[in-house]
Every structure is written in C-alpha cells, then in structure tokens.
Amino acid sequence: MSPASLCSPCVSTLLSEGMQSAQLFLRCFVVRADRREGLGICGWILVSLSFLFVLITFPISIWTCIKIIKEYERAVVFRLGRIMSKKAKGPGLILILPCTDVFIKVDLRTVTCKIPPQEILTKDAVTTQVDGVVYYKIHSAVSAVANVTDVHSATFLLAQTTLRNVLGTKSLAQLLAGREEIAHNIQTILDSATDHWGIKVARVEIKDVRIPVAMQRAMAAEAEAAREARAKVVAAEGERNASKALKQASLVLTESPAGLQLRYLQTLTTLAAENNSTIVFPLPINMLEALGQKNRGG
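Calculation criteria
Residues numbered from 1 in each chain as written. Predicted model: local features only at pLDDT ≥ 70, side-chain atom pairs only at ≥ 80, totals over all residues. Heavy atoms only, no water. Helix = DSSP H or I, 4+ residues; strand = E, 2+ residues; numbered from the N terminus. Buried < 20%, exposed > 50% of the residue type's maximum accessible area, 1.4 Å probe, protein only. Contact = heavy atoms within 4.5 Å. Areas by Shrake-Rupley, 256 points an atom, 1.4 Å probe, with all protein chains shown as cover. Pairing = 2+ DSSP bridges. Axes fitted to C-alpha atoms, helices over the stretch in contact; angles between N-to-C directions. Expected span 1.5 Å × (residues − 1). Phe/Tyr/Trp six-rings, centres within 6.5 Å; stacked < 30°, edge-to-face > 60°. Lys NZ or Arg CZ within 6 Å of the ring centre and 35° of its normal. Parallel < 35°, antiparallel > 145°, perpendicular 65-115°, else oblique. Left-handed = near helix turned anticlockwise from the far one by under 90°. Nonpolar A, V, L, I, M, F, W, Y, C, P; charged D, E, K, R; others polar. 1 Å grid on protein atoms, 1.4 Å probe; cavity = no way out; pocket = protein on both sides within 12 Å on 5 of 7 lines; lining within 4 Å. Points joined across faces, edges and corners; volume = space filled by probe spheres on them. Core = buried A, V, L, I, M, F, W, Y, C linked by side-chain atoms within 4.5 Å. pLDDT = per-residue confidence, 0-100.

Here we look at the overall build of the chain
The helix and strand inventory of the chain stands at 10 helices and eight strands. Residue burial in the chain is summarised as follows: out of 298 residues, 25% are buried. In the chain, the share of contacts with a sequence separation of at least 24, taken over all contacts with a separation of at least 6, comes to 64%. If you sum the accessible surface of the chain, you get close to 20800 Å²; carbon and sulfur atoms cover 61% of it.

Encoded structure:
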C-alpha cells in the first residue's frame, strides 16, 4: 500500500474533527452572545470592529471614548440600542465605544417643581385657586430613561392632576385647616404613582389658597360677628363678677360705717393727685336726710 492511501483516512478524520470544533465554537459564541445582553453574533461583530477601530486609532480615539460623569450624575449606556446593565454607570470615568455606544446623563439632585395656581371647585361648591411646590429626585436612572419619555414633564403634569383631584374632595374649611394632612396625602399618591419611573417624592407643600373677594368679605363678616359675640359674653361675665364684688364690698361697708368715710377720703386723695381743677366732695346721704327733716319740722 502506498503512503498516500494510508494518510487519506487520517486527513479526513482531522478535517471532520476540525469542522466539529468550529461548529462547537460557533455555537458557544452564539450562546454567549445571546446571554450577554442579547446582541447576537452580528452585534458582537460590530462591537469587535468598533473595538478594533479604537485600537487602530489609539491614542487619538481614547479621548472620544473616555467620558467624565460628575458626582451627582449617572450615565445610562446603550449598546446597539440595548441598555448594557441594570445599573447606571458613574460617577467617575466611563468607557464608550464609538459607533455602537450611546449614553444619557441623568441628574440625581433634588428638583423643585412649582405647580401654577389651579382653579379648584371644593366639596362645598366654593371656587378657589391653589398653588404648591413638589420636591422630588431620581433614585433609579435606568427607570427614568427607559420607562418614560420625559420624566420631569410627566411628574409635573401628574402633580397638577393629583392636586386638583385631592383638593376637589375637601371642603373649604378642611382646605384651610388641614394643609399638612392634604400635602402628605398628595405626597403619598405621587410617590406610589412615580415609583416605576424611578422618582422619589421628598416633599409636597401647598403655598397659597386664594378665594373670591365676595367670599373673603363674607368670611370676614362671619369672623367679626363671632368676635363681637365672644366680646359680649366676656363683658357680661365681667359685669357679673363686678356686681358680685360690689355686693361683697357693700356688705363690708355696712358692717363698718367709718369705712365708708375712709373710702370717701381715699377717693379725694386720688382725684387731687391727678391735678384736676374740679374736686368732687362726697356728702353723706344721711346728712341730707337730716337737713330735710329739720326743714319740714321748722
């Protein structure tokens, strides 16, 4: 037998094993590509070409690949349209591949949302204008980017609607007296509604409640009448207490007639101390009665 006939089975065996190894490698590569963010084999080819482009143009390309994320920011990175991980990157330096990666910065600082005056019809059919302020911040940058188009606009509109809906179930007296309770209720509703947007509502404040001028006059008249009624009650209580004190004083003076004369003298001392030009001298009524009886007898 010739050496060529002996080597042909070995060559065919090596070729078959090489094909099997290549198929196995290709399957493993595809499975890994599917597991890693679902890019697929074409996606990983593009990523590899982008990485190769960075290596070829190094070190010029490194300046376009490195991005700086501030302490109060986070970066949501999209690779071929897919979010790279469930957690945003930053702060610090991050690496972005050209042509395949796109990133969006998200500010994590507290945002002040001013609600303009809303015309609201209360439960007792009173038209009022109420404005407020909502303080919120983003706690999940990925949810804020992936779950809503414009998270700030959506939160602003939802705050307006929630304010109108909650205040529409309250009367004017409840609105004026229970601002803190109403604000806490609005905060709870907003927090639960915006949680899947990655928003955490920190505080809600009701700034001002404006009512019509006619209602203001009516409330002022009602408050004035209530104050006058309380003043009359207080004055009546004072008169009753004063009459009781005078009654007790009269009983004491009846037991001691000389005490009445001393009271007269004390009154004269008080009047003289004020530098008055007119001095009233008290004359006992008993003396006048005695003089009248003498005139009748004469």
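Still to come is the rest of the account.
Re the side chain of threonine 194
Within the secondary structure, threonine 194 sits in the loop between α7 (179–193) and β8 (199–210). Note on threonine 194: relative accessible area 0%, which makes it buried. Not counting the four nearest positions on each side in its chain, threonine 194 is found in contact with Leu158, Ile199 and Val201.

Concerning the sheet that holds β8
Judged by pairing direction, the sheet is antiparallel, and its three strands sit side by side in the order β6-β7-β8 without closing on themselves. The sheet is open, and its two borders are formed by β6 (111–121) and β8, each paired with just one other strand. Within the sheet, the average angular offset between the axes of one strand and its neighbour, ignoring direction, is 20°. Where β6 meets strand β7 (residues 127–138), nine bridges bridge the pair, whose relative direction is antiparallel. Within the sheet, the bridge partner assigned to glutamine 118 lies in β7 and is valine 130. Packing against the sheet, helix α5 (residues 151–167) makes contact with β6, β7 and β8, and its axis sits at approximately 35° to β6. Each of β7 and β8 touches α7; the most contacted strand, β8, lies at about 145° to it.

Some points on α7
In an α-helix, one full turn covers 3.6 residues, which means residues spaced three or four apart are oriented alike. With 15 residues, α7 should cover 21 Å at 1.5 Å per step; its first-to-last C-alpha distance of 21 Å lies within 8% of that length. On its buried face, α7 sits against β7, α5, α6 (172–177) and β8.

A few points about the packing of aromatic side chains
Inspection of every chain in the model, using the stated rule, returns zero aromatic pairs. Here arginine 109 stacks its cationic end above the ring of tyrosine 72, 3.9 Å away from the centre of that ring.

Notes on the packing of α5 against α7
Where α5 contacts α7, the axes come no closer than 10 Å and their chain directions differ by 135°. Considering their axes alone, α5 and α7 lie oblique with respect to each other. At the point where α5 passes α7, the crossing takes the right-handed sense. Touching Leu158, Ala159, Thr162, Leu163, Val166 and Leu167 of α5 are Ile182, Asn185, Ile186, Ile189, Leu190 and Ala193, all from α7. Broken down by class, the residue content of the contact of α5 with α7 amounts to 10 nonpolar, two polar and no charged.

Here's the deal with the sheet that holds strand β5 (residues 101–107)
Read across the sheet, three strands follow the order β3-β2-β5 without closing on themselves; strand pairing throughout is antiparallel. On the outer flanks of this sheet lie β3 (82–83) and β5, each paired with one strand and no other. Of the pairings in the sheet, the one linking strand β2 (residues 73–79) to β5 comprises seven bridges and is antiparallel in character. Within the sheet, the bridge partner assigned to arginine 74 lies in β5 and is valine 106.

Some details on the layout of surface pockets
The volume enclosed by the largest pocket comes to roughly 160 Å³. Taken together, Arg179, Glu180, Ala183, His184, Gln187, Arg203, Val204, Glu205 and Ile206 form the lining of the largest pocket. Among the elements of the structure, α7 and β8 are those that each provide at least two residues to the lining of the largest pocket. By residue number, the principal contributor to the lining of the largest pocket is α7, which donates five residues. For the lining of the largest pocket, the per-class residue count stands at three nonpolar, two polar and four charged.

What to know about the nonpolar core
One finds Val134 and Leu167 to be the most contacted residues of the largest nonpolar core, which totals 31 residues. Looking at this core, the elements with two or more residues in it are β2, β6, β7, α4 (141–146), α5, α7 and β8. The residues touching leucine 167, leaving out its near neighbours within four places in the chain, are Ile120, Thr122, Val130, Leu175, Ile182 and Ile206. Grouped together as the second largest cluster of nonpolar side chains are six residues, Ile69, Met84, Ile94 and Ile96 included.

Quick notes on the confidence of the model for the chain
Residues at a pLDDT of 70 or more form 77% of the chain, whose mean pLDDT is 79. Below a pLDDT of 50 lies the segment residues 1–11, which in the model reaches one contact outside its immediate sequence neighbourhood of four places, other chains included.

Quick word on the environment of valine 209
Within the secondary structure, valine 209 is located in strand β8. A C-alpha to C-alpha distance of 4.7 Å links valine 209 and valine 130, two positions 79 residues apart in sequence. Beyond its immediate stretch of four places on either side in the chain, valine 209 contacts Gln129, Val130, Leu175, Leu176 and Arg179.

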